[in-house]
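Each chain, letter by letter, is given below.
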Amino acid sequence: MKCTIRHITRRARGGVSIRDVEVESETIRAGRGNDCELHLPDPRVLLHHAEFSIRNREMYASPAPGADMQLNDTLAQVTRVSPGDKLRLGPFEIVLEENRDGEHVVLTAELIQPLGDELENLLSRSKVNVGRVGLSMRSWAWIGALVAAVAMFVVPWIASLYFNPSPLLMVLNTRDQRVAAAPTTWWSTGGISSAHKFFGQSCSSCHATPFVPVQDETCVVCHSGIQHHTDPAVFTKASFEGQACQSCHKEHQGNSTVARSDQKFCVDCHADIKDYSGDTRLRNVTDFGNDHPDFRPTVLVDAALQITERSKTMSGPELPREDASLKFPHDKHLRSEVKHPERGNISLECIDCHEVDAGGAYMLPLSFDRHCHQCHSLKFDVYIPDREMIHGTPETMFKQIRDVYDAVALRGGYEEPESPALVRRRPGTPLTPEEKAVVLDWSREKAEQTIKGRFGRGLCEGCHQVFDTPLSGGSTGGGWSVEPVSPTHRWFPAAFFSHRSHGDVECGTCHNARASTEAQDVIMPNAAMCQSCHGGESAKSRVPSTCVTCHSFHREGLPLMGPKRPQIFGSAKPIEPQSVVR
Amino acid sequence: MQESILVYRHLFYFKIAVGLVAAAAVAYALHNPLGQPNGGTWLGYTLGGIAGGLMIWLAWFGVRKRKYGVGKLPLEDWLSAHVYLGLAVLAISTLHAGFQVGVNIHTVLYVLTIIVIVSGLIGVYFYVRFPRLLSENRRGMSMEIMFGQIAELDREMRQIAMELDDATNAAVLDATQNTVIGGSLIRQLRGRDPDCPTTAARMFVERSETRGHDARRRQLITRIMRKEELVRRLRLDIQLRAWLRVWLFVHVPCSIAALVALAVHIVTVFYYW
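Residues numbered from 1 in each chain as written. Chains lettered and ligands numbered in written order. Predicted model: local features only at pLDDT ≥ 70, side-chain atom pairs only at ≥ 80, totals over all residues.

1. Structural notes on the overall build of chain A
Alright, step 1. Scanning chain A from terminus to terminus reveals 16 helices and 20 strands.
Alright, step 2. Taken over the C-alpha trace, chain A has a radius of gyration of 57 Å; the compact-globule value for 582 residues is 25 Å, which it surpasses by more than 25%.
Alright, step 3. Viewed in the frame of its principal axes, chain A has a C-alpha envelope of about 185 × 65 × 55 Å.
Alright, step 4. The proportion of buried residues among the 582 residues of chain A is 20%.
Alright, step 5. At a minimum sequence separation of 6, the contacts of chain A that also span at least 24 residues come to 48%. (Helix = DSSP H or I, 4+ residues; strand = E, 2+ residues; numbered from the N terminus. Rg over C-alpha atoms; globule rule 2.2 N^0.38 Å. Buried ≥ 20, exposed ≤ 12 C-beta atoms within 10 Å, placed from the backbone. Contact = placed C-beta atoms within 7 Å.)

See below:
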């Protein structure tokens, strides 16, 4: 077979150069190998890529194993090639131009996909700096700014609208509103205190006016009864003039209380209290555990005039004594055996008389009827065993005794042997007017005897202080009366104490009642007693106790410290329905 | 030159920053506010004002560095002050916050500030260390020269491989056509290609050394190895330059975001005073 191989090379500027090579061979090999008749010098072509041969005057092309060959854009194996057919061997296009009966064929070969410039190719696939990988500093900066603005301002701002509901947002129910409004808390500088949490998501509840600190008027909407620390008219230096609620009560400090409990806050002034008020009777204090003055109970020194005094300490040398107007020896009542009229010998415990009030803090007042009467009977006449004196005012009692004897005299049947026969007569026997006058005379005399006697005045004197009164001649007097009894309910009115939280401690640990012989004794502990368990704020081995554990800053009975509660909240005027936030 | 940023003017700005932080720390230690220390006390406002002012001034560096020869202070002063006062912001803003963090935008601002400062520190480290590595690696050659040499080597490799067996030729063709230098951000930062076709081609040719054409194969291997070395150096060059740039993509957007956060922080804190 003769073969004309026409190498076509197209120039960049459109020119075409043709180089013919004539070969004569049985088969024509195509490849990049130098031994190939159809030499295709390109690395993308195999050494021996394909082979052309003539059979029955037709030309056939067969690719080498693993070599790609396309006939008219279709992958082909051994195939017949007709004139005009285009074969692709790698980047070359081979066209059979002529086939003269298998004797002489003309093939054109053209490199139609040149490799191109190495440098250009290399550079085109090499991204050599960060700027070329789609990053632009400016656009990232914009994204950063935008994300920050949206996440930190726009989202919470939109959420804040849910607490000032527009008609559109009103369709949400309260719970949904709260969920939707949650991002407003992103603006919060710290957790809301426990007590304020229930409205803490609604910033404007307290922050009423933008760019203005929270005002006292807002606080007193709820906290309307906050009193001064001292009487501002007397202790001008401790009036806290010019201070706002939030000067001391710091909100957004987390899950606690805004009430101050730090010892230092109090000690700042109370370490040298005379500097603030020269004539104060308070003593300096710096720490409960080791620098607290001893307790000075406020005791009643004149029950009649209700004069109290607070000067003697519980450590002596002279102990405070209460003008109790009562005779009550604790020691006798707390003996191991006391005689009960019905139950024989019993032993009394403190709680048989002293009961904690419902709040658990203090003791309920004692009453004769509940605490004394079981043992201490007020029967005044053995021949009238079913009647007892009323435990009330002497006047009531006098009247009762007189009435009882009048009734007995009129009825008869009084069995005292020394009494007149008329009084001893069979009960119910009618009396003549003259007889009636006689028995009533007896009754008056008997009543006055009894009132003045050991079962009248004498019985009262067992516990009470009795004094003589002039007989005014009226029917109410009895010639004597009883000092009023007004026992002090709280000997330490400036301190809190909870009996319930000390319920596991024996009463006698703090109250040495077994040693008390008189009701005038103030059976209270001294500071050292409390200090045996309680230390100061930073105590390590005792219960850390700060000033406000027992004392209050805002003190009962003093004028209001803040502004008054706004009228609209205190008035009885109902809130307009449309102004109620759902 | 690079070290001189840190020791510039005998640590003048370092001393200023240390003085500022020390003063803030002493004030914080002596300050005894009601409740926990926080940004809302007089010291809190003062420290916040200083930290906020510094942040704005530090961000202004981004503007200043683009203006050559403007202003009284040379850029070196600005950069040295930027580094040290930037570090001071971390301490002052921590004291401003009274060491309190929470789930809120104020802590986001704090975190952004930390990110900016830490990325800046990394940047300083890169700028101190990498320029020398870069020039050592370049050995006076420009990138263009290295790329030119690689292209020339590719051409020679292909020519040699044309005469060799198909498998070798294919490996070499792959090496010349598919070796990527640089590439995506990750590849640039990584600085190497574990599947590099050039290395694969060298290993292939080394393994098949017994197939004849020994002289040509040796020529081929020499060229592939030279290319490998050039590629490695180019990749290192790209890697170092990428790291020198990429920290800024954290530093700058975060600092812009922090400025926005600072504005929101100030507005919301005083709106809800």
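Following the structure, the description resumes.
2. A closer look at the sheet that holds strand 10 (residues 86-89) of chain A
All names here are of chain A.
Alright, step 1. The strand order across the open sheet built from seven strands is 2-1-12-11-10-7-8, with neighbouring strands paired in mixed fashion. Each edge of the open sheet carries a strand with a single partner, namely strand 2 (16-24) and strand 8 (74-75).
Alright, step 2. Two strands pair when backbone bridges link them, and strand 1 (residues 2-10) and strand 12 (residues 104-111) are joined in this way by seven bridges, in the parallel orientation. The residue bridging Thr4 from the neighbouring strand is Val106, located in strand 12. (Pairing = 2+ DSSP bridges.)

3. Things to note about helix 4 (residues 75-96) of chain B
Residue and element names in this part refer to chain B.
Alright, step 1. Between its terminal C-alpha atoms helix 4 stretches 30 Å, which fits the 32 Å expected from 22 residues at 1.5 Å a residue.
Alright, step 2. Taken across its 22 residues, helix 4 has 16 buried, putting it largely inside the fold.
Alright, step 3. Residue Gly98 follows helix 4 closely and has a positive phi angle near 60 degrees. (Expected span 1.5 Å × (residues − 1).)

4. Notes on the domain arrangement of chain A
Where interface size is given, it is often the accessible area lost as the parts come together that is meant.
Alright, step 1. Examined at the domain level, chain A breaks down into domain 1 (2-116), domain 2 (139-218), domain 3 (266-294 + 526-545), domain 4 (296-366 + 493-522) and domain 5 (394-482).
Alright, step 2. Taken over C-alpha atoms, the centre of domain 3 of chain A sits 25 Å from the centre of domain 4 of chain A. (Domains from an automatic or database assignment.)

5. Side note on the pairing of strand 5 (residues 50-55) of chain A
Residue and element names in this part refer to chain A.
Alright, step 1. Relative to strand 5, strand 3 (residues 28-31) runs antiparallel, the two sharing three bridges. Note that in strand 5 the partner of Ile28 across the bridge is Phe52.
Alright, step 2. Looking at chain direction, strand 5 and strand 6 (residues 58-63) are connected through six bridges and run antiparallel. Note that in strand 6 the partner of Phe52 across the bridge is Ala61.

6. Examining the nonpolar core
Alright, step 1. One finds Ile92(B), Ala258(B) and Ala261(B) to be the most contacted residues of the largest nonpolar core, which totals 40 residues.
Alright, step 2. Contributing elements (two or more residues each) for this core: helix 2 (137-160) of chain A together with helix 2 (12-30), helix 3 (42-64), helix 4, helix 5 (105-138) and helix 10 (214-271) of chain B.
Alright, step 3. Ranked by residue count, the leading element in this core is helix 4 of chain B, at ten residues.
Alright, step 4. When neighbours within four sequence positions are excluded, Ala261(B) is seen to be in contact with Ala148(A), Met152(A), Ile105(B), Val108(B), Leu109(B) and Leu112(B). (Core = buried A, V, L, I, M, F, W, Y, C linked by C-beta atoms within 7 Å.)

7. Re unusual backbone geometry
All names here are of chain A.
Alright, step 1. In this structure, Pro317 follows Gly316 across a cis peptide bond, with omega equal to 10 degrees.
Alright, step 2. Along the polypeptide, Pro317 turns up in the loop between strand 14 (307-309) and helix 7 (330-333).
Alright, step 3. The residue Asp101 is not glycine, and still its phi comes out positive at about 55 degrees.
Alright, step 4. Counting through the fold element by element, Asp101 comes out in the loop between strand 11 (92-100) and strand 12.
Alright, step 5. Phi at Phe211 takes a positive value of approximately 65 degrees, unusual for a residue other than glycine.
Alright, step 6. Residue position: Phe211 is located in the loop between helix 3 (174-181) and helix 4 (216-219).
Alright, step 7. Among the residues examined, Phe211 registers 10 C-beta atoms within 10 Å and is labelled exposed.

8. Quick notes on the environment of Pro320(A)
All names here are of chain A.
Alright, step 1. Along the chain, Pro320 turns up in the loop between strand 14 and helix 7.
Alright, step 2. Sequence-wise, Pro320 and Glu309 are eleven residues apart; in three dimensions their C-alpha atoms are separated by 8.9 Å.
Alright, step 3. Beyond its immediate stretch of four places on either side in the chain, Pro320 contacts Pro297, Val299, Lys312 and Val522.

9. Observations concerning the pairing of strand 13 (residues 299-302) of chain A
Alright, step 1. Bridge analysis of strand 13 of chain A against strand 14 of chain A gives three bridges, and the strand direction is antiparallel. Following the sheet pairing, Asp302(A) is matched in strand 14 of chain A by Ile307(A).

10. Thoughts on the packing of helix 5 of chain B against helix 10 of chain B
Residue and element names in this part refer to chain B.
Alright, step 1. Contact pair helix 5 / helix 10: the axes reach a minimum separation of 8 Å and the direction vectors enclose 160 degrees. Judged on the interaxial angle alone, helix 10 and helix 5 are roughly antiparallel. Of the two possible hands of crossing, helix 5 and helix 10 adopt the one that is left-handed.
Alright, step 2. Split by residue class, the contact of helix 5 with helix 10 holds 25 nonpolar, nine polar and three charged. (Axes fitted to C-alpha atoms, helices over the stretch in contact; angles between N-to-C directions. Parallel < 35°, antiparallel > 145°, perpendicular 65-115°, else oblique. Left-handed = near helix turned anticlockwise from the far one by under 90°. Nonpolar A, V, L, I, M, F, W, Y, C, P; charged D, E, K, R; others polar.)

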